[in-house]
Amino acid sequence: MEKADLLLKVDEKYYPPKEIVENAWVKDYESLYKKSIENREAFYEEIANELEWFQKWDKVLEWNYPYAKWFVNAKTNITYNCIDRHVKNGKRNKVAFISVDEEGNERKVTYGELLDLVSRLANGLKSLGIKKGDRVSIYMPNTVEAAIAMLACARIGAIHSVVFAGFSEGALKIRIDDAKAKAVITATYTKRRGKKIPLFPTVKEAIRDLDFVEKIILWDRDNELSDEYEEHNVVDFYKLIKNSSKDCPPEIQDAEDPLFILYTSGTTGKPKGVLHTTGGYMVNTYMTSKYVFDLKENDIYWCTADVGWITGHSYIVYGPLANGVTSIMMEGVPVYPHPGIWWEYVEKYGVNVFYTAPTAIRMLMRFGDDIPAKYDLSTLKVLGSVGEPINPEAWLWYYKNIGRGKAVIVDTWWQTETGAHMITTVPSYPAKPGKAGKPMFGIEVAVVDKQGNPMPPNQVGHLVIKNPWPSMLRTCWGEPERYEKYWNEIPGYYSAGDLAAIDEEGYVMVVGRADDVLSVAGHRIGTAEVESAIVENHAVAEAAVIGKPNEIKGESIKAFVILKEGYEPSEELKERIKDTVRDVLGPIAVPDEIEFVDKLPKTRSGKIMRRLLKARELGLEIGDTSTLEE
Ligand code: 6R9
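Residues numbered from 1 in each chain as written. Predicted model: local features only at pLDDT ≥ 70, side-chain atom pairs only at ≥ 80, totals over all residues. Heavy atoms only, no water.

With respect to the environment of Ala42
Worth spelling out the cut-off: The way it works is that DSSP assigns letters per residue, a run of H or I at least four long becomes a helix, a run of E at least two long becomes a strand, and they are numbered from the N terminus.
Position of Ala42 relative to the elements: it lies in helix α4 (residues 40-48). Sequence-wise, Ala42 and Val60 are 18 residues apart; in three dimensions their C-alpha atoms are separated by 8.1 Å.

What follows is the structure, encoded as structure tokens:
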């Protein structure tokens, strides 16, 4: 907890500029928060009434611990609120997405065009036999085509399951298999650092033994595949769009009909399929986008996340579109072709709201203050942070060098499971560097011990949410027991799996994960997932993985590996093991360090005590070893 103690000392408050407070949707956080807690259902109902429903709810919430139904019996379609509603309200020619890449190519898609593309693809999916409730895996570059694919599924009530395109064959296969996807939507490749990274071959390999996958819908980016190439199960994405009708009435979805599955790392080797439903997710992503980013009609908004993560789902696709703003989507990395590329685009497009991750900020910081100084960043008013704790040094750099003291920072804490922001300050409220801040409207949080007793101010404990909320996960796909665990770990509360502390003024500081989940460059990676990838290398008998503090990535991965009889440790073997992890899981999960060992510390029940490995590695107190085997 040394790092935490250090952070707790940071208590300086940064007040927002007057213009931001005066123009904000939420001018008085305290009173709106109070109102939202005094009558939570009335609060969410008021927000829900800003959106369109084919039929209104009988009841806002039906809470049958730990199962919730929000907007009971209401009917809507999220794409109707994200697209049709704006087209109907005179925004047909307003740009919805500006899809850009590393080379400065851009593609603008208006709300009218988006309606056309999504409707056609939706009809195309129907023509392939995909219907309401079917699962469709999406393995796409971070371009507007990915958003179109997601929205087309949502239009017809098919459940999308986006898999981050940085994942490799093994990770993709597990996800397609678990969801029993009927189709996979993919592209020939994605672009990164000027290189084409093939996607289609990975999909073909991943589905080789999965006979329930009936179709691959392929975005042939360079029209390089000839007609003969189209086998009976491969359909061309744009041909399907072109050949389908543009009239596709949205499927009437119940508020509780599933919208998507998104896999996230847990404490076992198998990822959890977090399930989100329609109505509550729509209301909460709409509300938080509006209030936390203070989105206004003419704002240019840019979230640098990838659609493969929850941040991309909620804050590239659904939340911003529900608010009808113009969003930028970029395919590529923040440092290519040069480390000022993001700031170049902020200037070029006049970005007002910018949302990124601490790992990116720390990386860009290293290139120096001169780089952002070259650009006009004066349009920025809200700067968001997400994915991991932002250290005060990075916070201040972001504030000074990007916001130039004129923009506010919102440090948004939330999870795949929560669907939307849970803890953050709103733009009109003073922020403290390194502390996410205050609970969102309708949300009550606490920091407690394992029994659920509240911790005194500034003491680190388990972060819990005390009430159900509209965008909460409804279950884990096919594994209700894993869902129930969130609510049973500390009875009565939702356990986030994070450690946190709350100061005397009620600002929450999230310190990090409490479980065996790593946070590498803001991405959640289960230690068990990496370990099982390592043992796929034929030379490896057993492996244990820990996270080590890393200045840029938050955590780096170190693996302790026991080799099988007959294999000798060598540098070359380390590289081969890294290759195995890259092939199975993808580059983000590759260990930075590998150490060969003869044995691993284990509990009597055979569980690897990663805590001990970590303590030894970092030269810390070993702590309780009573369960150690020997
Ligand atoms: C949105 C997202 C969730 C985990 C979460 C926590 C960490 C996210 C944070 C943060 C401190 C923040 N996390 N935002 N920690 N401050 N502002 O990242 O979802 O990929 O599911 O990760 O990320 O540890 O539990 P997800």
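Looking at the packing of helix α5 (residues 78-91) against helix α12 (residues 310-322)
Where we set the bar: The angle between two axes is taken between their N-to-C directions and runs from 0 to 180 degrees, where each axis is a line fitted to C-alpha atoms and a helix contributes only its stretch in contact. Oblique is the label for every angle not falling under 35 degrees (roughly parallel), over 145 degrees (roughly antiparallel), or within 65 to 115 degrees (roughly perpendicular). For a crossing to be left-handed, the near helix must be turned anticlockwise from the far one by less than a right angle; the clockwise case is right-handed. Contacts are residue-level and defined by heavy atoms, with any inter-residue pair within 4.5 Å sufficient. Note that Gly is not counted as nonpolar here; it falls among the polar residues with everything else outside the nonpolar set of Ala, Val, Leu, Ile, Met, Phe, Trp, Tyr, Cys and Pro and the charged set of Asp, Glu, Lys and Arg.
In contact at an axis separation of 8 Å, α5 and α12 are set at 55° when each is read in the N-to-C sense. In terms of axis orientation, α5 runs oblique to α12. As α5 packs across α12, the resulting crossing turns out to be left-handed. Taken together, the residues of α12 that come into contact with α5 (itself represented by Ile78, Asn81, Cys82, Arg85 and His86) are Tyr318, Leu321 and Ala322. Its residues assigned to classes, the contact of α5 with α12 shows five nonpolar, two polar and one charged.

Let's talk about the pattern of salt bridges
Test applied: A side-chain nitrogen of Lys or Arg and a carboxyl oxygen of Asp or Glu constitute a salt bridge if their distance falls within 4 Å. Only protein chains enter the accessibility calculation, which uses a 1.4 Å probe. A residue is then buried if its area is under 20% of the maximum for its type, exposed if over 50%, and partly exposed in between.
Inspection of the entire model under this criterion finds 53 salt bridges. Salt-bridge contacts for Glu46 lead to Lys35; the nearest nitrogen and oxygen are separated by 3.5 Å. Of the two residues, Glu46 sits in helix α4 while Lys35 sits in helix α3 (residues 29-38), which places them eleven residues apart along the sequence. Looking at Glu46, the relative accessible area reads 48%, which means it is partly exposed. Of the charged contacts in the structure, one is a salt bridge between Lys132 and Asp257, with a shortest N-O distance of 2.8 Å. Taken together, the residues Lys132 in the loop between α6 (111-127) and β6 (135-139) and Asp257 in the loop between β13 (253-254) and β14 (258-264) connect sequence positions 125 residues apart. The class of Asp257 is buried, set by a relative accessible area of 17%.

What about the layout of surface pockets?
For the record, the criterion: Grid points spaced at 1 Å and placed over the protein atoms alone form the basis of the search, with a cavity being a set where a 1.4 Å probe fits but cannot get out and a pocket an open set showing protein on both sides within 12 Å along at least five of seven lines. Lining residues have an atom within 4 Å of a point. Grid points are joined across faces, edges and corners, and a volume is the space filled by probe spheres set on the points.
In this structure, the second largest pocket occupies an estimated 200 Å³ of space. In terms of lining, the second largest pocket is formed by 15 residues, of which the most central are Asp220, Asn223, Leu225, Asp236 and Lys239. Listing elements by their share of the lining of the second largest pocket, those giving two or more residues are β11 (215-219), β12 (234-236) and α10 (237-242). It is β12 that provides the largest number of residues to the lining of the second largest pocket, a total of three residues. Taken together, the residues that form the lining of the second largest pocket break down as seven nonpolar, two polar and six charged.

Describing the site of the ligand
For the record, the criterion: Near is defined per residue: the residue qualifies when any heavy atom it owns lies within 4 Å of the molecule or strand. Each polar contact in these results corresponds to two N or O atoms within 3.5 Å; when the atoms are within protein, one needs to be able to donate a hydrogen and the other to accept it, and residues that are neighboring in sequence are counted only if both atoms are side-chain atoms. Surface accessibility in these figures is a Shrake-Rupley result with a 1.4 Å probe; residues are shielded only by whichever protein chains are displayed.
Taken together, 16 residues lie around the ligand, and Asp411, Thr412, Thr416, Arg513 and Arg524 are the ones closest in. In this structure, an oxygen atom belonging to the ligand sits 2.9 Å away from a side-chain N or O atom of Asp498. Between the ligand and Arg524 there is a distance of 2.8 Å, counted from an oxygen atom to a side-chain nitrogen or oxygen. Protein chains shield 95% of the accessible area of the ligand, which is 530 Å² for the free molecule. If you list the elements that add at least two residues to the shell around the ligand, you get α12, β20 (408-412) and β25 (508-513). Tallied by class, the residues present in the shell around the ligand amount to six nonpolar, five polar and five charged.

Regarding the domain arrangement of the protein chain
Heads up, the rule is: Throughout, the edges of the domains are those of an automatic or database domain assignment. We define buried area as the total accessible area lost by two parts upon association, computed with a 1.4 Å probe and summed across both.
By domain assignment, the protein chain separates into domain 1 (79-260) and domain 2 (516-618). In this structure, domain 1 and domain 2 have C-alpha centres spaced 34 Å apart. Counting from both sides, the interface comprises eight residues of domain 1 and, opposite them, eight residues of domain 2. Here domain 1 and domain 2 share an interface that buries about 470 Å² over both sides, 52% of which is from carbon and sulfur atoms. Together, Phe164, Phe167 and Ser168 form the three largest contributors to the area buried by domain 1 at its contact with domain 2, with a combined 55%. Scanning the region where domain 1 abuts domain 2 turns up one salt bridge. The interface formed by domain 1 and domain 2 contains five residue pairs in polar contact (both at pLDDT 80 or more). Its residues assigned to classes, the side of domain 1 that touches domain 2 shows three nonpolar, three polar and two charged.

Focus: the side chain of Arg610
Turning to its location among the elements, Arg610 is positioned in helix α20 (residues 610-618). Among residues more than four places away in sequence, those in contact with Arg610 are Asp516, Thr527, Glu531, Val545 and Ile546.

Things to note about the packing of aromatic side chains
Threshold: Aromatic pairs are defined between Phe, Tyr and Trp rings, using the six-membered ring for Trp, whenever the two ring centres lie within 6.5 Å; interplanar angles under 30 degrees are classed as stacked, those over 60 as edge-to-face, and all others as tilted. Lysine and arginine charges are scored as sitting over a ring when NZ or CZ, respectively, is within 6 Å of the ring centre and within 35 degrees of the ring normal.
Enumeration over the complete set of coordinates arrives at 43 aromatic pairs. An angle of 35° between the planes, with centres 6.2 Å apart, marks the rings of Tyr429 and Tyr507 as tilted. Placement of Tyr429 in the loop between β20 and β21 (445-448) and of Tyr507 in the loop between β24 (494-502) and β25 is noted, with a sequence separation of 78 residues between them. The exposure classification of Tyr429 matches that of Tyr507, with both residues buried. Put simply, the rings of Tyr29, Tyr33, Phe43, Tyr44, Trp53, Trp57, Trp70, Phe71, Tyr291, Tyr429, Phe441 and Tyr507 pair up and form one aromatic cluster. A cation sits over an aromatic face here: Arg175 above Phe167, 4.4 Å from the ring centre. Taking NZ or CZ as reference, Lys290 lies 4.1 Å from the ring centre of Trp25, over its face.

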